[in-house]
Amino acid sequence: MKRSSGLHLCDNSSFVDRSKGYNRRARKIIHLAGGLPALFLPLFPQWLVLAGAVLGAVLAYALRPNHAWWLRYITKPEDRKRGEISGVRSYFVSILGLVVLWLALDFIGAQQDPLKLLGLRLCMFAWLSLALGDGLAGLVGPSPSRTRTVPWNKHKTWWGALGCLVGAAAAYAATMLLTSRVYAQDPVSLGSILLGSLVAGLFVAMAESRDSRIDDNYSVVFASALVMLLLQLGEYGR
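Residues numbered from 1 in each chain as written. Predicted model: local features only at pLDDT ≥ 70, side-chain atom pairs only at ≥ 80, totals over all residues. Heavy atoms only, no water.

Observations regarding helix 1 (residues 24-33)
Because an α-helix completes one turn every 3.6 residues, residues spaced three or four positions apart along the sequence face the same direction. Taken as a whole, helix 1 has its buried residues at Arg24, Arg27, Lys28 and His31. For helix 1, the angular spread of the buried residues around the axis is 90°, confining them to a single face. (Buried < 20%, exposed > 50% of the residue type's maximum accessible area, 1.4 Å probe, protein only. Helix = DSSP H or I, 4+ residues; strand = E, 2+ residues; numbered from the N terminus. Arc of directions from axis to C-beta.)

Looking at the environment of Leu105
The topology assignment puts Leu105 in helix 5 (residues 86-108). Distance in space between the C-alpha atoms of Leu105 and Leu122 is 9.8 Å, their sequence separation being 17 residues. Beyond its immediate sequence surroundings of up to four residues, Leu105 is in contact with Leu115, Gly119 and Leu122. (Contact = heavy atoms within 4.5 Å.)

Quick look at the side chain of Thr175
With respect to the helices, strands and loops of the structure, Thr175 is situated in helix 7 (residues 158-181). When sequence neighbours within four positions are dropped, the list of residues in contact with Thr175 reads Arg121, Met124, Phe125, Leu128 and Met228.

Considerations on the confidence of the model for the protein
Per-residue confidence for the protein gives a mean pLDDT of 85; residues scoring 70 or more make up 87%. This model gives residues 1-16 a pLDDT under 50, and the stretch forms 35 contacts once residues within four places in sequence are excluded. (pLDDT = per-residue confidence, 0-100.)

If you want it as structure tokens, here you go:
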């Protein structure tokens, strides 16, 4: 019997990358774990958060697949040929951008609590959404041996879109609950959080599953920051 390749034909005649040549599951578990620091952003000095983000980006560019066996284990074959780990680079560059945005809004809004809170929520949600939304999309998306892809992108599956929706929705709910009841005195109703979670999840899932050459790590962060901004403007505009 002829062995199947890393690309499988789906029911709707589309191809899905099954990630032959590296361990996708281990890679995505690390991707998910990368969101943990976002939950505790206000507990650390801002200079330490910025220093950590800069150090992470520098290390991401310095890392090579041949630096450790486990790095080769999670690195895509094309990245091993180039001697880089592109996903790690875009991940940490995205986080650095979010931290800089947070600190900038915090500085500009020194006397305006809503703006300071907006910066925190943008950074926390987009970071968590990157970890949970994009992480779950990659973890569950290509798992079934045969699955249907979304109509607008033959390389993205419905399972992946659903995983991203759930992850981004959870990221939004966690952000709003923490920033309204733990880190700040800005009460938000449970109904608003649930509705916002659904809207944010759908928005980010569409962005993650779009047909584009832009790295998911960038598009998910941009979409997350944008939808949080729109939701917060709507909230304060009432």
